[in-house]
Amino acid sequence: MIGSELPKGWKEVKLSDLAEIQSGGTPSRSNTAYWNGNIPWVKISDIKGKYVTETEEFITEEGLMNSSAKMFERGTILFSIFATIGKVAILDIDATTNQALVGLKNNELVDKSFLVYALIELSERISNLGKGVAQKNINISILKDVRIPLPPLTEQKQIAEKLDKLFDQIETIKEASNKIPELLKNFRQQVLTYAVTGKLLESTPEPRMLGELIDELKYGTSKKAGYDIEGFPVLRIPNINNGEIDSSDLKYVPLDDKEYNQLSLQEGDILVIRSNGSLSIVGQCAIVRKECENWVYAGYLIRIRCTHELLPEYLNYIFQSYQVRKQIVEKSHSMSGVNNFSADKIKQLEIAWYPVEVQKQIVDRLNSIFGKLNEIEKQYNTLCEKLDKLPQTLLCKAFKGELVSRVV
């Protein structure tokens with residue numbers, strides 16, 4: 001509220017006038033007698049919600065007595081002043097803290113919950129007061145001088161209660177909406193299962209070895225790629241994204257005419273990840289669209305060119321099915337922590353094959369269904385963005401005096 005007009009009946013008060021503020025401390029790490037006791041010792045990483053209920057580390061009574069650490073009672077407000085400035089929580093246990101956290105014990109002038117919300121609302125502004133090159137930090141003197149917009153105590157309680165209710169509702173919506181990605185993932189997999197088992201169009205597939213339906217399998221270039229190299233756009237593992245090419249992070253590679261002619265891409269090529277530390281990444285693929293024609297690809301990818309009996313769009317879909325993924329996992333081998341899936345293994349994959357006309361119908365049906373699912377996912381992402389911004393919007397309204405009805 002600094003620099004703006006306060007609601008009638010409000011005033012700005014220094015934080016030091018509303019709370020006793022003390023910093024924490026760290027017993028010497030070199031003295032084992034100070035550690036692994038029964039006194040909880042809070043670090044910033046222990047703040048994971050509104051309340052701190054447990055800590056990763058503990059100190060001894062001897063450690064407490066021989067350091068600047070202080071015992072804070074349950075109900076003390078914690079505020080981070082080093083590195084990550086502005087994290088706020090309430091102690092739900094008696095505990096000590098390190099020097100990156102201060103404890104605030106509010107007095108009778110301010111409601112505790114109201115003060116917590118005020119600190120959250122002001123946290124970005126307080127963070128901007130931080131100094132330091134390697135990491136930002138503020139000292140207690142700076143924090144004590146921070147000015148808090150303060151309404152009458154009755155109104156403080158009303159604001160805090162309203163924010164509690166609204167924030168709980170936001171969390172409830174988040175918990176419910178967070179189930180959506182898994183539901184979409186499971187539904188996509190179910191649809192793909194229908195596609196490869198004949199249930200999608202009530203047409204019986206024929207099991208075929210993928211090697212019978214491939215014209216060419218070829219590994220990519222091993223030459224080093226870079227952002228500033230003069231050469232050809234080269235697709236790499238980060239460019240393979242859920243069946244499509246993501247060209248937002250593109251590098252370049254120099255190639256002679258012979259290698260370029262061997263590796264240049266055509267519309268309809270399928271690129272498969274053949275090697276990665278994560279088994280879930282191995283076998284992921286993407287189809288090459290018109291805009292990526294004449295680009296090349298890196299050595300951790302294999303290019304598949306299909307015969308006329310296999311539609312690339314159909315292959316791109318069924319590579320994502322559980323039935324094909326299961327075979328990829330089983331046929332991959334690990335060496336020095338890296339999972340590998342070779343061209344020969346690709347040939348050995350058994351796929352559900354239909355006549356080309358049926359493949360076209362399946363692709364059309366999948367495009368329609370997945371298009372709707374993608375739209376739902378976009379709406380979910382938009383909802384998440386709005387929910388993430390909503391708390392700050394509510395806090396802003398609250399500290400302008402616009403959240404609860406006011407008797408002036």
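For the structure itself, consult the block above.
My aim in this report is to walk through the structure given alongside it, one point at a time. Just so it is clear, the model here is predicted, and its values are computed rather than measured.

The number of helices and strands found in the protein chain is 10 helices and 24 strands. Taken over C-alpha atoms, the radius of gyration comes to 30 Å for the protein chain, far larger than the 22 Å a tight globule of 408 residues would show. Counting only C-alpha atoms, the protein chain reaches 80 × 55 × 45 Å along its principal axes. Counting every position in the protein chain, which comprises 408 residues, the buried fraction comes to 46%. Of all intrachain contacts in the protein chain linking residues separated by at least 6 positions in sequence, the fraction that spans at least 24 positions is 75%.

Before going further, it helps to spend a moment on the packing of helix H5 (residues 180-197) against helix H10 (residues 356-398). Packed helices, taken two at a time, are described by the angle their axes make and the gap between the axes. For the pair H5 and H10, interaxial distance at closest approach is 11 Å and the crossing angle is 180 degrees. As the angle between them shows, H5 and H10 are arranged roughly antiparallel. Seen from H5, the contacting residues are Ile180, Pro181, Leu184, Phe187, Arg188, Val191, Leu192 and Ala195; seen from H10, they are Ile362, Leu366, Ile369, Phe370, Leu373, Asn374, Ile376, Glu377 and Tyr380. The residue makeup of the contact of H5 with H10, split by class, is 14 nonpolar, 1 polar and 2 charged.

Its location among the elements puts threonine 76 in the loop between helix H1 (61-65) and strand E6 (77-80). Exposure remark for threonine 76: the relative accessible area of 7% places this residue in the buried category. At 2.7 Å, the side chain of threonine 76 forms a polar contact with the backbone oxygen of glutamate 73. Excluding residues within four positions of it along the chain, threonine 76 makes contact with Ala89, Ile90, Leu91, Gly103 and Leu104.

Another aspect to go through is the environment of isoleucine 81. With respect to the helices and strands, isoleucine 81 occurs in the loop between E6 and strand E7 (88-91). Given the relative accessible area of 3%, isoleucine 81 is considered buried.

Throughout the structure, instances matching the rule amount to 23 salt bridges. With its nearest N and O atoms 2.7 Å apart, the salt bridge here joins glutamate 57 to arginine 29. Of this pair, glutamate 57 sits in strand E5 (residues 57-59) while arginine 29 sits in the loop between strand E2 (19-23) and strand E3 (35-42), and the two are 28 residues apart along the sequence. Here the residues in one salt-bridge network are Arg29, Lys43, Glu56 and Glu57, joined through shared partners.

Before going further, it helps to examine unusual backbone geometry. The phi torsion at glutamate 202 lies on the positive side, around 55 degrees, for a residue other than glycine. Residue classification places glutamate 202 among the exposed positions, given a relative accessible area of 76%. The backbone of serine 336 sits at a positive phi, close to 55 degrees, despite the residue not being glycine. Tracing the chain through its elements places serine 336 in the loop between strand E22 (333-335) and strand E23 (338-340).

So, about the nonpolar core. Phe79, Leu104, Leu143 and Leu163 are the most contacted members of the largest nonpolar core, which totals 42 residues. For this core, the element with the highest residue contribution is helix H2 (residues 112-127), accounting for 8 residues. Among all residues touching leucine 163, those that are not within four sequence positions of it are Tyr117, Leu394, Leu395, Ala398 and Leu403.

Here is what the cut-offs are and how they apply
- Residues numbered from 1 in each chain as written.
- Predicted model: local features only at pLDDT ≥ 70, side-chain atom pairs only at ≥ 80, totals over all residues.
- Heavy atoms only, no water.
- Helix = DSSP H or I, 4+ residues; strand = E, 2+ residues; numbered from the N terminus.
- Rg over C-alpha atoms; globule rule 2.2 N^0.38 Å.
- Buried < 20%, exposed > 50% of the residue type's maximum accessible area, 1.4 Å probe, protein only.
- Contact = heavy atoms within 4.5 Å.
- Axes fitted to C-alpha atoms, helices over the stretch in contact; angles between N-to-C directions.
- Parallel < 35°, antiparallel > 145°, perpendicular 65-115°, else oblique.
- Nonpolar A, V, L, I, M, F, W, Y, C, P; charged D, E, K, R; others polar.
- Polar contact = N/O pair within 3.5 Å; in protein donor to acceptor, adjacent residues only side chain to side chain.
- Salt bridge = Lys/Arg side-chain N within 4 Å of Asp/Glu carboxyl O.
- Core = buried A, V, L, I, M, F, W, Y, C linked by side-chain atoms within 4.5 Å.

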